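What follows is the residue order along each chain.
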Amino acid sequence: MGVTERVWAALTAMIKLEDKVTRQNEAIKVQQAKIENLTERIIRLEAQFELLAVTALVKKLTGK
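From a predicted model like this one, the values you see are computed outputs, not experimental measurements. (Residues numbered from 1 in each chain as written. Predicted model: local features only at pLDDT ≥ 70, side-chain atom pairs only at ≥ 80, totals over all residues. Heavy atoms only, no water.)

Caption draft 1: Layout of a nonpolar patch on the surface. A contiguous nonpolar patch, built from Val3, Val7, Trp8, Leu11 and Met14 and spanning about 560 Å² of accessible area, is present on the exposed surface. Note that valine 3 resides in helix H1 (residues 3–62). Accessibility expressed as a relative area gives 57% for valine 3, which makes it exposed. (Patch = residues over 30% accessible without salt bridge, like charges linked within 9 Å, V, L, I, M, F, W, Y side chains within 5 Å. Areas by Shrake-Rupley, 256 points an atom, 1.4 Å probe, with all protein chains shown as cover. Salt bridge = Lys/Arg side-chain N within 4 Å of Asp/Glu carboxyl O. Helix = DSSP H or I, 4+ residues; strand = E, 2+ residues; numbered from the N terminus. Buried < 20%, exposed > 50% of the residue type's maximum accessible area, 1.4 Å probe, protein only.)

Encoded structure:
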């Protein structure tokens, strides 16, 4: 293999690697958005649960 072929192979490998990194970065962004959405949903569920627990406690204390 000549020098030119080795340089070409190295450049080709770098381009392929850059493409893989770019695609991985895009996939990470999508995953991060999903994680943030799930976090928001969990926070809302926790808030609803706490409100239900407080409501049940108030009803129990007031005897209603």
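Caption draft 2: Broad picture of the environment of valine 7. With respect to the helices, strands and loops of the structure, valine 7 is situated in helix H1. Considering only alpha carbons, one finds valine 7 and glutamate 26, 19 residues apart in sequence, at a separation of 29 Å.

Caption draft 3: Region of interest: the pattern of salt bridges. Taken as a whole and judged by the stated rule, the model has one salt bridge. Arginine 23 serves as the salt-bridge partner of aspartate 19, at 3.1 Å between the closest nitrogen and oxygen. Of the two residues, aspartate 19 and arginine 23 are both situated in helix H1; the distance of four residues between them amounts to about one turn of the helix. The class of aspartate 19 is partly exposed, set by a relative accessible area of 40%.

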